[in-house]
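Commentary on secondary and tertiary structure
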Amino acid sequence: RSRILSRVKEGDSIVDMFAGVGPYSILIAKSKKPSKVLAIDKNPDAVRYLRENIILNSAKNIEAIEGDARKEAKKFAGTADHVIMNLPHSAFEFLDSAVLLAKPGGIIHYYGITPEDDLFESSIKLIKKAAEKASRKIEVLEKRVVRSYAPHQYNICIEARIV
């Protein structure tokens, strides 16, 4: 979380596509001065706790949205400086929406679970394909292993600028 936090600048707009109870969204809203944090989750229980956490943490400039990230992306197209995709097992299914959300120069923080013999390349290809569908390109800023997930499986993060 601190790595993403270090990339956020005052006035940035953040969309957390799978916010859960808000660990990324609340940290960013409290630690930086974003113009807006949109915290989306389709789980009503998670959103209820997210709203409680926003109040308990006195977080400002954060909006909790209960809904499907794909549908919400259409409403907020082209608005995000940062799109957080922390849903490692299925984030790839939402890449088209993430690209839609990103403003030119926006960064997608993509998390995935990958085999050790293909840590990054297939995920980068998926991000590139989603960008190309929208007539955009990517610039990979960083790729890293977050942790071991299972034997020969790793949780990875790729940060890609959408141009």
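Presented here is a report on the structure given in the accompanying data block. Please read these numbers as outputs of a predicted model, since none were measured by experiment.

**Remarks on the environment of Val47**
Mapped onto the fold, Val47 is located in helix α3 (residues 44–56). In this structure the C-alpha to C-alpha distance between Val47 and Leu27, which are 20 residues apart in sequence, comes to 16 Å. Excluding anything up to four places from it in sequence, Val47 contacts Asp41, Ala64, Ile65 and Glu66.

**Details of helix α6 (residues 121–133)**
Between its terminal C-alpha atoms α6 stretches 18 Å, which fits the 18 Å expected from 13 residues at 1.5 Å a residue. Where α6 is concerned, the buried positions are Ser123, Ile124, Ile127, Ala130 and Ala131. One side of α6 holds all its buried residues, which, seen down the axis, span an arc of 125°. Pointing more than 90 degrees away from the buried face of α6 are the exposed residues Lys125, Lys129, Glu132 and Lys133. Its buried side turned inward, α6 meets α5 (95–101), β5 (102–115), β6 (138–150) and β7 (153–162).

**Quick word on unusual backbone geometry**
What is expected of a backbone is that most residues other than glycine have negative phi and most peptide bonds are trans. Its identity is not glycine, yet Ser58 carries a phi of approximately 50°, on the positive side. With respect to the secondary-structure elements, Ser58 resides in the loop between α3 and β3 (62–66). Owing to a relative accessible area of 48%, Ser58 belongs among the partly exposed residues under this scheme. Its identity is not glycine, yet His152 carries a phi of approximately 65°, on the positive side. Residue placement: His152 occurs in the loop between β6 and β7. A relative accessible area of 51% means that His152 is categorised as exposed.

About the thresholds
- Residues numbered from 1 in each chain as written.
- Predicted model: local features only at pLDDT ≥ 70, side-chain atom pairs only at ≥ 80, totals over all residues.
- Heavy atoms only, no water.
- Helix = DSSP H or I, 4+ residues; strand = E, 2+ residues; numbered from the N terminus.
- Contact = heavy atoms within 4.5 Å.
- Expected span 1.5 Å × (residues − 1).
- Buried < 20%, exposed > 50% of the residue type's maximum accessible area, 1.4 Å probe, protein only.
- Arc of directions from axis to C-beta.

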